[in-house]
Amino acid sequence: MAARLMLRMHLEEAWRRTIAQEYAGQLINSEKGLQVFFCKHLLDCFKSDKVSRRLFIEPRVSMPGSDDPKYARHPDIVICHTRKIIGIVEIKYLPRTRAKFKKDLLTLDWLLEGQVDVALSNDRYRGPRAVHKGYSLAGDAVYCWAGVHCEPETKVALPDARAINDRVFVLHAITSREAVPIVRVAGNTGLSE
């Protein structure tokens, strides 16, 4: 059974809504736009199911005790519950071309290597500081790659796919001329390049 089934259902529902509503309504013209509407629908899903989640958009995720930038990443979306990171989402918006995902896979692989020893921070905040909340990476966190692209997916090997196993969740919106995008949901072999 896949880890974090409810989170996967929320991710898929938010993705389907974003593609059917805002993408189809021609309201999205960048990765940032896609990210905004996807997060809005994701928050709506959480609220409707009465689950408490916190979203961080492009936060700095680093290994504890390291200020070296090479030991930090900025995933597109980080989903937390209480004191755990339960989901990491990487988004791509390339409706006229094939999806590129190698950089995103390296980020997911790097996070997997760190397992529970990662720190989330908002270094750019300026103002009164609340009590710092630390978030560790849950052992069953979902790694989601979501992309709007035109090429059909082909199977590829993920870095250390045995370790990632069922934790990778892939959401496609495959575009074509004169047709609505086809939404596909895949496991850890559904990425395309």
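Note that the coordinates shown come from a computational prediction; the quantities given were computed from them, not determined experimentally. (Residues numbered from 1 in each chain as written. Predicted model: local features only at pLDDT ≥ 70, side-chain atom pairs only at ≥ 80, totals over all residues. Heavy atoms only, no water.)

Draft legend 1. Up close: the packing of aromatic side chains. Scanning the entire structure with this criterion turns up 3 aromatic pairs. A ring pair is formed by Tyr23 and Tyr93, whose centres lie 6.3 Å apart and whose planes are at 70 degrees; its orientation type is edge-to-face. Placement of Tyr23 in helix α1 (residues 5-23) and of Tyr93 in strand β5 (residues 84-94) is noted, with a sequence separation of 70 residues between them. Of the two residues examined, Tyr23 and Tyr93, each falls in the buried class. (Phe/Tyr/Trp six-rings, centres within 6.5 Å; stacked < 30°, edge-to-face > 60°. Helix = DSSP H or I, 4+ residues; strand = E, 2+ residues; numbered from the N terminus. Buried < 20%, exposed > 50% of the residue type's maximum accessible area, 1.4 Å probe, protein only.)

Draft legend 2. The layout of surface pockets, seen in detail. Roughly 500 Å³ of internal volume is contained in the largest pocket. Listed by contribution, the elements that provide at least two residues to the lining of the largest pocket are β8 (168-176) and β9 (179-186). Counting residues per element, the lining of the largest pocket draws most heavily on β9, at 3 residues. Looking at the lining of the largest pocket, its residues break down into 9 nonpolar, 3 polar and 3 charged. (1 Å grid on protein atoms, 1.4 Å probe; cavity = no way out; pocket = protein on both sides within 12 Å on 5 of 7 lines; lining within 4 Å. Points joined across faces, edges and corners; volume = space filled by probe spheres on them. Nonpolar A, V, L, I, M, F, W, Y, C, P; charged D, E, K, R; others polar.)

Draft legend 3. Focus on the pattern of salt bridges. Per the stated rule, a full pass over the model turns up 5 salt bridges. Across the pair Arg16 and Glu12 runs a salt bridge, and its minimum N-O distance is 2.9 Å. Within this pair, Arg16 and its partner Glu12 are both found in helix α1, separated by 4 residues, close to a single helical turn. Classification of Glu12 as partly exposed rests on a relative accessible area of 24%. Note that Lys40 and Asp44 form a salt bridge whose closest N and O atoms lie 2.7 Å from each other. Of this pair, Lys40 and Asp44 both sit in helix α2 (residues 31-48), separated by 4 residues, roughly a single helical turn. (Salt bridge = Lys/Arg side-chain N within 4 Å of Asp/Glu carboxyl O.)

Draft legend 4. A look at the packing of α1 against α2. Look at α1 against α2: their axes get within 8 Å of each other, and the N-to-C directions meet at 130 degrees. Our classification of the angle between α1 and α2 gives oblique. Seen from above, α1 lies across α2 with right-handed handedness. Contacts between α1 and α2 pair Leu7, His10, Leu11, Glu13, Ala14, Trp15, Arg17, Thr18, Ile19, Gln21 and Glu22 from the former with Leu34, Phe37, Phe38, His41, Leu42, Asp44, Cys45 and Phe46 from the latter. Within the contact of α1 with α2, the residues separate by chemical class into 11 nonpolar, 4 polar and 4 charged. (Axes fitted to C-alpha atoms, helices over the stretch in contact; angles between N-to-C directions. Parallel < 35°, antiparallel > 145°, perpendicular 65-115°, else oblique. Left-handed = near helix turned anticlockwise from the far one by under 90°. Contact = heavy atoms within 4.5 Å.)

Draft legend 5. Structural context of the side chain of Asp76. Considering the arrangement of structural elements, one finds Asp76 in the loop between β3 (72-73) and β4 (77-81). Buried within the structure, Asp76 lacks any salt-bridge partner; Lys92 is the closest side chain of opposite charge, at an N-O distance of 5.4 Å. In this structure the side chain of Asp76 is engaged in a polar contact, spanning 2.6 Å, whose partner is the backbone nitrogen of Ile91. In this view, Asp76 contacts Glu31, Gln35, Phe56, Ile57, Glu58, Val89, Glu90 and Ile91; residues no more than four positions away in its chain are not counted. (Lys, Arg positive; Asp, Glu negative; His and termini not counted. Polar contact = N/O pair within 3.5 Å; in protein donor to acceptor, adjacent residues only side chain to side chain.)

Draft legend 6. Region of the structure containing the confidence of the model for the protein chain. Averaged over every residue, the pLDDT of the protein chain is 81; the share at 70 or more is 73%. The lowest-confidence element of the protein chain is helix α4 (residues 161-164), averaging 50 in pLDDT; the highest-confidence one is α2, averaging 97. The model gives residues 189-193 a pLDDT under 50, and that stretch makes 28 contacts with residues more than four places away or in other chains. (pLDDT = per-residue confidence, 0-100.)

Draft legend 7. The arrangement of the nonpolar core in detail. Grouped together as the largest cluster of nonpolar side chains are 48 residues, with contacts concentrated most on Leu11, Trp15, Phe38 and Ile79. Secondary-structure elements contributing two or more residues to this core are α1, α2, β4, β5, α3 (102-114), β7 (136-149) and β8. Tallying contributions element by element places β7 first for this core, with 9 residues. Excluding residues within four positions of it along the chain, Trp15 makes contact with Leu34, Phe38, Ala146, Gly147, Val148, Leu171, His172, Ala173 and Val183. (Core = buried A, V, L, I, M, F, W, Y, C linked by side-chain atoms within 4.5 Å.)

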